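Summary of structural features
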Amino acid sequence: MANQVCFRNNHLENSWSLEAYQSSGGYEVLKKILSEKTPAEVLIEDIKLSNLRGRGGAGFPTGLKWSFMPRNAPGQKYIVCNSDEGEPGTCKDRDILRYNPHQLVEGMIIAGYCIGASAGYNYIRGEFWEPYSRFEGALEEARVAGLLGENILGSGFDFQLHAHLGAGAYVCGEETALLNSIEGKKGQPRFKPPFPAGFGLYGRSTTINNTESLASIPVILEKGGQWFLDQGVPNSGGEKLFSVSGHVNRPGNFEVPLGMPFSELLEMAGGVRDGHQLKAVIPGGSSTPVIPGEQMMEVNMDYDSIAAAGSMLGAGSVIVMDETTCMSRVLERLSYFYYEESCGQCTPCREGTGWLYRVLQRIEAGNGSAADLDLLDNVASNIEGNTICALGDAAAMPVRSFLKHYRDEFQYHIDHKQCMVKSDW
Amino acid sequence: MDNKESLTIQLNDIEYQVEPGQMLIEVADDNGIEIPRFCYHKKLTTSANCRMCLVEVEKAPKMLPACATPVMDGMKVWTKSPKAIAAQKSVMEFLLINHPLDCPVCDQGGECDLQEIALGYGADQARYQEKKRIVKDKNYGPLVATEMTRCIHCTRCVRFGVEIGGIAEIGGTGRGDHMEIGTYVEKSLSSELSGNIIDLCPVGALLSKPFLYTARSWEMKSFPSIAAHDAVGSNIQIQTRNGAVMRVVPLENEAINELWISDRDRFSYLGLESDDRLTQPMVRNEEGKLITTDWQSALEAAVKGVQAVVNGAGGSALGAWTSPSSTVEEFYLLQKMVRGLGSSNIDHRLRQYDFSGQQEQRSPRLGITLPQVEQQNAILVVGANLRHEQPLLAHRIRKAALAGAEVSSVHPQGVVYNYALTQELAVDQLTPTVAAIAKALEEMGKGSELSGLSALTTNAVVEASHRVTAESLLRGDQALVLLGGLAYQDHNQSVLYALADAIAVMSGATLGVVTEGANALGGQLAGAVPHHGVAKQVVDSVGMDLGTMVEMPPKALLLMGIEAAEDLAEGAVEAIGQSEFVVSIAAFADEVSSRKADVVLPMAAFTETSGTFINMEGVWQSFQGVVSPKGEARPGWKILRVLGTLFNLDGFEFGDSESVLQEVKQACDAMESEGTDEEITSWVGPADWGNSSATAASGVAIYRGDALTRRSQPLQQSSLGKAEQHQHNEGATA
């Protein structure tokens, strides 16, 4: 089975329209909840049962996160959707916004209902103009249809939802930087504690979920938490979107049950491009540790299996590399990304990402020295765990994993001032 | 909450009882455990960005920043474990890779947090071989120099602007190691407290521009002193090298200035070496020219001239005007001398016009302490430009406002607050509006026992804004009505005072009064006023106040610490011109004295004399001279002592300023035990609005208040100084 959750409508014509969404049962869950006044606790229990884990990368159980909200406490509360999809290798939320925006709208209204929020924001990556327009279109349709705004469907429940376009900073995908950005401040992560559930947007209790997580909600509540859980494997409920990119014949987004063997996913993406062999896979987006190809062929695509292989499922962003890939060049490029995207707030990340990049640049250019590899590993470990947010870790993990698995290639660069692999790019 | 349960934590294996909500770094600081830090500052919000204070916490998978980690019961923390030290050292390495390490040419050298902490946590050899970052310097104006390549992005200066200065002038632009601290659009800093970022900067990125490259920190001696430009009485350190004042920095005193000082207090010392300093006694010769002479001749000429007038026309022909920033000792000796010569014509209220309420009014006191200002929940400011008059009082009120106090203000157009007021009443005339607020309270049934008040409020027109202001004062159980310097310069001062007093009485608020100069309260208590003697002692006959002396110039006039052209109310310069014999005791030459004074006696500046200021709270703060007086100048109290002796007056045999002070203090202690100062219980107001058409005074520009400040070129060139100069000139031509 595939395409049962976020991509369930993608086959419809103008799948992003309200008409198409409602033709496949869209907004029925919301109507049912509002007419029956289903207690939020019941809904949250169902989400917990589904074992939906945060699809943004950290994999934190969504139901548990919602239960942290002081839903009955007085004062404004917010639900925020994180559509600042910036992790290199990831492009799944973009397609949800383009092809199934109403499901996200419905998911966010239900989320607001569950956590006691009367307002929500969807923070959309700055480069996503088309998805942003689609989402705004969906909001307008929903408002006109009385599905969004004051007194939704005559139920007495109010919920306002706004789209907020980012300005092109990767770090704004970090939830507290995202909140700062919505508030009009510089997009820099906040130190936690306090956590957003206590002190979030404009200082109010806030829940932040990934686009895919929120878009999954209507389907989970329609078909039941148990059904969702059964789609996946224990501890990894449901189907999940995987963005497969790199040296494959048919790159794209695939919504498949969690626990599917990597080899099957690779098959769906058309296999490694013709005439080449699998060399390495980054399974969860550019910040997750790289896994050598042969090892990856034995791994299943779920949280625990990938963790056991020494990496992370992350956002499900699978970057496939074949034997023509120079690992030194890849790492240099990745390091450049984190160097450019570090917000500059805290010392280890601000200074360390630049240091890593400059040393890697030197190695790639053939000016590396014998001590550089140990230096890289040490600098990366000095960043890791010492920063305000996870961007420091994101910059450090690729360095450490590339050195762990492909140290010989880096050594070759240093010794021979040239690349070990025959690269065609 | 007294019964807050205390928690127990272990810090480096020693148990401590701590308060819930405390951060680890506070506990460590309280107990003398050193944790290195750069971004943390006890007066600023926590940003946890430098990561230098990482410590090991039991069961935490990562090292945690001590500045942002709250204590929890049973917590075990190690600040010097191998893991903690390793984390701290790695952060230190990151901080140093892009730091220029140009300590030998850096002004911060010797008082640099980075330098000091690097000694303990830095490596002796760098592993970083790449090019270092270079950052273009910013031009922040004439007060703060920048060397942005040295910046470690701690954001203390950024947070200061937002949280303390009240003007978000500085921020961080760019990401990653392209991030730069700056003003975005280049501009000079415009805060009246901007110099504090120099102290806050933990490295040599922000430095004192006037002090730049003039001395190393270890070459200077540091002396505690008291700032001489407003009634806050900020504690300062005057730093000297080889007998010259090199720099002024704050001295921490939580009860007064916390650890801030205004730019005026920090940079006014730059006027000390002005060419205008008087260094020689001078006497006007027969051709009408001032010629330098020796002290003996000058003093004799002064005594002879004054004595001739007194002998001919009686003591009442003598008048004395003195700066409101004179010391208690100077005030006391001057009034003692003048009264000894049979006159009570003495005043220090140089920019005041309306003295009709002086008998009923209390001395200018805040009425509460400066820290208590922060506890107020309703404040009404009447006739003040506090950020210019009393910058650190303005800061305390801003803190109260940010904590939720409702602050309203009646002021002339052009006064700018750096937070949202509950009611901002910017008006052309103060009296009608203040009367309307009083009337609003009357209408709420609050003024029945104040007989005579209705005469003042009868013509007032109450509008909604006045009612809101009145209600806000009534709501506050800790309320303050503050009468400021502009009210004192108003032609209706006595009415404004009476109305402010009535508002305070009716709303249950404290009446606070702050006027100009460093020692206006000292001037009252030491008796430098015509209507009472030292410690409010009743005088046989009330002398002439400044206003009366302007109308009827005394034949002989003693000026002390006055630059006549700028320090005095309108008409006063002309009055000096009509006086027959003028003695000017001053630190700076000025145009009026050089034209008119018969004897000029050079006086020491505030860094060169000992003395005492009484601040707005009534705190007596004495200070010592830290450098020798310039040239032949002498401390004011010594000049007065010798003059008194030369006049053959009794009671001028003082060996030091301390014994002068003792005499004043004894008198005041006796008064306070008798309760004659603040115990005026009955409200007495004038009969009518008086000069109700008088336009509100625009006040004295922030850096034009006294002769020393006016001669500090960097202050004059600063954006505040220039803006105000412009305003000043406009006012002069209007």
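Residues numbered from 1 in each chain as written. Chains lettered and ligands numbered in written order. Predicted model: local features only at pLDDT ≥ 70, side-chain atom pairs only at ≥ 80, totals over all residues. Heavy atoms only, no water.

Looking only at helices and strands, one finds 17 helices and eleven strands in chain A. Radius of gyration (C-alpha) of chain A: 22 Å, near the 22 Å computed for a compact globule of 425 residues. Overall size of chain A, expressed as C-alpha extent along the three principal axes, is 75 × 45 × 35 Å. Expressed as a percentage of the 425 residues in chain A, the buried residues total 62%. Put simply, 71% of the contacts in chain A that link residues at least 6 apart link residues at least 24 apart. Accessible surface computed for chain A: about 15100 Å², of which carbon and sulfur atoms make up 51%. On chain A, the mean spot of the 36 positive side-chain charges and the mean spot of the 51 negative ones are 5 Å from each other. (Helix = DSSP H or I, 4+ residues; strand = E, 2+ residues; numbered from the N terminus. Rg over C-alpha atoms; globule rule 2.2 N^0.38 Å. Buried < 20%, exposed > 50% of the residue type's maximum accessible area, 1.4 Å probe, protein only. Contact = heavy atoms within 4.5 Å. Areas by Shrake-Rupley, 256 points an atom, 1.4 Å probe, with all protein chains shown as cover. Lys, Arg positive; Asp, Glu negative; His and termini not counted. Charge placed at Lys NZ, Arg CZ, Asp CG, Glu CD.)

A word on helix α22 (residues 636-646) of chain B. All buried positions along α22 of chain B are accounted for by G636, W637, I639, L640, R641, L643 and G644 of chain B. N648 of chain B sits one or two residues past α22 of chain B and shows a positive phi near 65 degrees.

Residues and elements named next belong to chain A. The strand order across the open sheet formed by four strands is β3-β2-β1-β4, and the pairing between neighbours is parallel. Every interior strand has two partners, whereas the edge strands, β3 (160-165) and β4 (206-210), have only one. On average, each strand axis in the sheet is tilted by 20 degrees relative to the strand beside it, whichever way the strands run. Pairing geometry for strand β2 (residues 119-124) and β3, over six bridges, is parallel. Bridge pairing in β3 places Y123 opposite H164. Contacts from helix α9 (residues 211-223) reach β1 (78-83) and β4 within the one sheet, and its direction differs from that of β4 by about 90 degrees. (Pairing = 2+ DSSP bridges. Axes fitted to C-alpha atoms, helices over the stretch in contact; angles between N-to-C directions.)

Okay, the side chain of K138 of chain B next. All names here are of chain B. Turning to its location among the elements, K138 is positioned in the loop between α3 (113-121) and β6 (144-146). Overall, K138 belongs to the buried group, its relative accessible area being 14%. Polar side-chain contacts of K138 include one of 2.9 Å to the side chain of E180. Contacts of K138, omitting those with residues within four sequence positions, involve T146, M148, E180, I181, G182 and E186. (Polar contact = N/O pair within 3.5 Å; in protein donor to acceptor, adjacent residues only side chain to side chain.)

Residues and elements named next belong to chain B. Here chain B shows a mean pLDDT of 94. Residues at 70 or above account for 96%. Per-residue pLDDT stays below 50 along residues 728-734; that stretch engages in one contact with residues further than four places along the chain or on separate chains. For this predicted complex, the interface score ipTM comes out at 0.94, while the overall pTM is 0.94. (pLDDT = per-residue confidence, 0-100.)

Counting through the fold element by element, S342 of chain A comes out in the loop between α14 (327-341) and α15 (347-364). Exposure remark for S342 of chain A: the relative accessible area of 1% places this residue in the buried category.

All names here are of chain B. Inspection of the entire model under this criterion finds ten cavities of 30 Å³ or more. In this structure, the largest cavity spans a volume of roughly 390 Å³. Tallied by class, the residues present in the lining of the largest cavity amount to 13 nonpolar, eight polar and four charged. What lines the second largest cavity is a set of 19 residues, and nearest its centre among them are R349, Q352, Y488, T515 and Q524. Looking at the lining of the second largest cavity, the elements with two or more residues in it are α15 (485-488) and α17 (520-525). (1 Å grid on protein atoms, 1.4 Å probe; cavity = no way out; pocket = protein on both sides within 12 Å on 5 of 7 lines; lining within 4 Å. Points joined across faces, edges and corners; volume = space filled by probe spheres on them. Nonpolar A, V, L, I, M, F, W, Y, C, P; charged D, E, K, R; others polar.)

Our focus in this paragraph is the sheet that holds strand β14 (residues 290-292) of chain B. All names here are of chain B. Strands sit in the order β14-β13-β24-β23-β22-β15-β16 across an open sheet of seven strands; the sheet is mixed. On the outer flanks of this sheet lie β14 and β16 (346-347), each paired with one strand and no other. By the bridge criterion, five bridges tie strand β22 (residues 556-560) to strand β23 (residues 581-586) in an arrangement that is parallel. Counterpart to L557 in the pairing with β23 is V582.

The next subject is the pairing of strand β2 (residues 14-18) of chain B. Relative to β2 of chain B, strand β1 (residues 7-11) of chain B is paired through five bridges, and the arrangement is antiparallel. For I9 of chain B, the partnering residue across the bridge sits in β2 of chain B and is Y16 of chain B.

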